[in-house]
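This is what each chain is made of:
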Amino acid sequence: MSSHREAPEISKDPVADGTDVYAFVSPDRPDTVTLIANFIPLQKPDGGPNFYEFGDDVLYEIHVNNDRRPAADLTYQFRFHTEVRNPNTFLYNTGPISDIADTTWNRPQYYSVTEVRDGEKRVLGKNLPCPPVNVGPRSLPDYAAVARQAKVNLPGGKKVFAGQRADAFHVDLGSIFDLGALRPFNEAHLISMPEMNGRNAVQSYNVHTIAIQVPIDQLTRDGSRPHDPMLKKSVIGVWATASRRKSRVFDAASGTYVGVGPWQQVSRLGNPLFNEVVVPMASKDKWNVEPPAGDAAYEQYVNHPELAGLLPVLYPGVFPNLKAYDKPRADLHAILLTGIPTGVVPGFQNYTGDTPADMLRLNVAIPPSESPNDLGLVAGDAAGFPNGRRIDDDVVTIELRAIAGLTIPLVDPSFTPDGATSAIQDGTSNTNAKLLNHFPYLGLPGGGYQTEPGTTKAS
């Protein structure tokens, strides 16, 4: 989860698998928005000698909608290429790396950034360096210093970074996918077990991050920086995709695949957990290759989510009000597919029109919170999810509570949430690497040498 291995086919292609998308007004540069797309899930830091890297044969894109139609008005494209400096060694690095340009790094990776605005392409940067992965203290005595060199300033006040980071998502994968169990509420489960704290299954794993920071007036339709949250132009939609060539041919001479033909989208991600727990398994692969404009086909799974029906079954007697509620879930439809219209939450809206489409919706006129609450909008912090998504937002808890009925009264005052709804959680917190207070905000990736492997228990 959030979208780590969320569909059968993309789970076989981790290089193109998007894990999380974030969009938020930058806390240290509130005249900008930071857009982040993570790929390549669940990277063990010690996974050498062929460490993780972006795919040279993948087109990575972050899309922005700013005209209330579920299509990209602005796209940032990222293409990568990898070099091998010494073809006669198996080593990723042949000595310590103290500078991003050191020739001791045997397999450097570079990338280009292209802006596509209303169909017009403009290259913003090329041959930009990725940092190496965090091999260990001998190979990278000062990893933070080398990684800082990969933060690049682009024209127009933009910043960009592409490289390995610590995954900041937290979730108890081992419990949730064991018949929908939440460890803090084990005793109430249909198959009762002793209660315990949640376990963050993502802790110690890395991801590959593409982050770009853009002035707000370059994201809005009219080129302004809105200050009134109730204006239509204050809201943008954001999602990320990965695409491969339509066909791949194996080149025996090089031992690699060569892409042929036009690009075909193979991965998509907007709201966290949408394809993971809303779309049924038989439709997940199809959802990944389609644009948000076609998401009306998945409305039924939002209006009547499977998990909302399972909770009263898995936790007998705990959710009687939810069990009796048979109306379409207008609250989830607004949160996930259209944005929240004016009049639902006082002083707030992030509505993008009637056409259902899964994407993050960010109201750029709402400034960063001085006291952020990781439960976001449901806890009164309008700068957090589902108003965009900050890195530290506890989206698992937020969405679990929403699905359990906490947000139904926003659109149906006759409904009273069950008493357990405001307490439901998976029991994890952000025990991952410490976040940075500046771009690209995600923490330094775990090092291969420093990371202690976990233990495996079969029973």
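Above this text is the structure in question.
Residues numbered from 1 in each chain as written. Predicted model: local features only at pLDDT ≥ 70, side-chain atom pairs only at ≥ 80, totals over all residues. Heavy atoms only, no water.

(A) Just the sheet that holds strand β2 (residues 32–43), in detail. The strand order across the open sheet built from five strands is β1-β2-β9-β8-β7, with neighbouring strands paired in antiparallel fashion. Edge strands, defined here as strands with exactly one partner in the open sheet, are β1 (18–25) and β7 (152–154). Here the strands of the sheet are splayed against their neighbours by 20° on average, with no regard to which way each runs. (Pairing = 2+ DSSP bridges. Helix = DSSP H or I, 4+ residues; strand = E, 2+ residues; numbered from the N terminus. Axes fitted to C-alpha atoms, helices over the stretch in contact; angles between N-to-C directions.)

(B) Focus on the packing of aromatic side chains. This model, assessed by the stated rule, comprises 14 aromatic pairs. Relative to Y257, the ring of F250 has its centre 5.1 Å away and its plane inclined at 70°; by these criteria the two rings are edge-to-face. You can call F250 partly exposed: its relative accessible area is 47%. Accessibility expressed as a relative area gives 47% for Y257, which makes it partly exposed. Three or more aromatic residues joined by ring pairs form one cluster here, namely F39, F54, Y60, F78, F80 and Y111. Sitting above the plane of the Y449 ring, R138 keeps its charged end 5.2 Å from the centroid. Over the ring of Y257 we find R248; its NZ or CZ atom is 4.4 Å from the centre of that ring. (Phe/Tyr/Trp six-rings, centres within 6.5 Å; stacked < 30°, edge-to-face > 60°. Buried < 20%, exposed > 50% of the residue type's maximum accessible area, 1.4 Å probe, protein only. Lys NZ or Arg CZ within 6 Å of the ring centre and 35° of its normal.)

(C) Summary view of helix α8 (residues 330–338). Burial analysis of α8 places eight of its nine residues in the buried class, the great majority of the element. Residues of α8 that are buried sit in contact with α3 (274–278), α5 (299–303), β12 (360–363) and α9 (395–403). G339 lies just past α8 and shows a positive phi near 85°. (Contact = heavy atoms within 4.5 Å.)

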